[in-house]
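So you can see what is in the structure, the chains are spelled out below.
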Amino acid sequence: MSARPRLAAVPDARPGPPTVLYLHFHAEGGAPLGEETYDGLLALLAEVSPVVQAVPPDAALMEVRGATRYFDRDPAGLAALVRVRALARYGADCTAGIAHNPMLARMAAQDGPPGAVRTLPGDPAAVAAFLAGKPAAALYGVGPATARTLGTYGLGTVGRIAAAPLPALQRILGPAAGRRLHERAHGIDPTPVTPGARARSAAAEHRFDRDELDAGRRRRALLTLADRLGARLRESNQVARGLTLTVRYADGSATTRSRTFAEPTAHTPELTATAYALHDTLGLQRARVRVVALRAEGLGDAGATAHQLSFDPADEKARRVEAAVDRARARFGPSAVGPAAALGGRRHVA
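Residues numbered from 1 in each chain as written. Predicted model: local features only at pLDDT ≥ 70, side-chain atom pairs only at ≥ 80, totals over all residues. Heavy atoms only, no water.

Draft legend 1. Layout of the pairing of strand β8 (residues 254-265). As defined by bridge partners, strand β7 (residues 238-249) adjoins β8 across 8 bridges and the pair is classed as antiparallel. Among the inter-strand pairings, R248 is bridged to a residue of β8, identified as A254. Taking the residues between adjacent antiparallel strands as the criterion, β7 and β8 are bridged by 4 residues, where G252 takes a positive phi near 90°. (Pairing = 2+ DSSP bridges. Helix = DSSP H or I, 4+ residues; strand = E, 2+ residues; numbered from the N terminus.)

Draft legend 2. Structural detail: unusual backbone geometry. Even without a glycine there, the phi angle at D72 is positive, about 55°. You can call D72 exposed: its relative accessible area is 70%. With phi around 60°, N237 is a residue other than glycine that occupies positive phi space. Among the residues examined, N237 registers a relative accessible area of 43% and is labelled partly exposed. (Buried < 20%, exposed > 50% of the residue type's maximum accessible area, 1.4 Å probe, protein only.)

Draft legend 3. Structural detail: the sheet that holds strand β3 (residues 59-63). The strand order β2-β3-β1-β4-β5 describes an open sheet built from 5 strands, whose pairing is mixed. Each edge of the open sheet is held by one strand with a lone partner, namely β2 (52-55) and β5 (117-119). Shown here is a sheet whose adjacent strand axes are inclined to one another by a mean of 15°, direction ignored. Contacting β1 (20-26), β2 and β3, helix α1 (residues 35-46) crosses the sheet at an angle of about 160° to β2. (Axes fitted to C-alpha atoms, helices over the stretch in contact; angles between N-to-C directions. Contact = heavy atoms within 4.5 Å.)

Draft legend 4. Looking closely at helix α9 (residues 175-185). Looking at α9, one finds that the buried residues are G178, L181, H182, E183, R184 and A185. Contacts made by the buried residues of α9 are with α4 (102-109), α5 (124-132), α6 (144-152), α7 (158-163) and α8 (166-173). Where α9 terminates, the next one or two residues include G187, which has phi positive at roughly 80°.

Draft legend 5. Local environment of the side chain of T68. Following the sequence through the fold, T68 ends up in helix α2 (residues 65-71). A polar contact is formed between the side chain of T68 and the backbone oxygen of R65, at a distance of 2.8 Å. (Polar contact = N/O pair within 3.5 Å; in protein donor to acceptor, adjacent residues only side chain to side chain.)

Draft legend 6. Seen up close, helix α11 (residues 268-281). The terminal C-alpha atoms of α11, which comprises 14 residues, lie 20 Å apart, in line with the 20 Å expected from a rise of 1.5 Å per residue. Considered for burial, the residues of α11 that qualify are T268, L271, T272, T274, A275, Y276, L278 and H279. Count one or two residues on from α11 and you reach G283, which has phi positive near 60°. (Expected span 1.5 Å × (residues − 1).)

Draft legend 7. Up close: the packing of α4 against α5. In contact at an axis separation of 12 Å, α4 and α5 are set at 50° when each is read in the N-to-C sense. Considered as vectors, α4 and α5 are oriented oblique to each other. Note on packing geometry: the crossing formed by α4 with α5 is left-handed. For the pair formed by α4 and α5, the contact residues are L104, M107 and A108 on the first element and V127, F130 and L131 on the second. (Parallel < 35°, antiparallel > 145°, perpendicular 65-115°, else oblique. Left-handed = near helix turned anticlockwise from the far one by under 90°.)

Draft legend 8. Examining the nonpolar core more closely. Formed by 30 residues in total, the largest nonpolar core has its most connected members in L233, V247, V289, V292 and L294. Elements with a minimum of two residues in this core: β6 (201-212), α10 (215-235), β7, α11 and β9 (289-297). Looking at this core element by element, the count peaks at 7 residues for α10. Setting aside chain neighbours within four positions, we find V289 in contact with F208, R210, D211, E212, R218, V247, R248, Y249 and L284. Core analysis: the next-biggest nonpolar cluster, separate from the first, contains 28 residues, A109, L131, A138 and V142 among them. (Core = buried A, V, L, I, M, F, W, Y, C linked by side-chain atoms within 4.5 Å.)

Written as structure tokens, this is what we have:
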């Protein structure tokens, strides 16, 4: 008699009560948060719980299991306390999502107006109902290209993905990616809230005047941001260990991709090439893009960083031209010289 085939087990989606908070801060007037304000808000959160994880540029995760006992408040009450303190000290409001893991807490807060506190109960039925009708792209790690692939198989919603057999998802996306998607579609995220000092960073963003579908204009915006970001790093004698691209869409959702450099750099061509590569991995076609943002991560002192010598004449020439451009900007202002293909419009560098 042949053995009955074993079905893949779905890990328990209810490891405990909802004690993870995702807080998205909103500066007054819709302006981006400054570095000092963001650092102050992180310190404020640390007054409530020692388990705080920075999610730059304007959010944070908290594990408040112990804090609920200390303050004698439930997680929603702690979120209200944080909001009052943030408004009083920094004039910054926040949207809070509360769930039993970081992914669900983030999704609960998504698109919420300032001041909203959204709690997702921990029982599997509530989690399944919350996820069922959401588009595949709402799951963390599912970009537009993956969402389109899933859509060709009729898996356009999280509910349909959750109902699909694990082997089918693994055939479509590969063993590891298929299993991760299977777990996330069932509301499972084993990632812990990891406290630690925030890595220093510098960011620049471009807000389009209208929803942008043209990939060429998005690349021109990225060129402009990389140029400004590189100039700022060199001016402050800093280098970055990595670059993060965030794309925000017309519906308020966002996709983030990151890459670490082979060696720390502030060289504009390297920043630009990496930004283009990250943009291309998203596979955007008809996406209505509202904002593109670049963040240079893991900043360090350029003088204390070793640089691999290059024997490429073109690279050496590019660096000499870059130094000349920096001198011109220092003398005549940041707008004196720039890439010919740079895109005008609303930019912000933080």
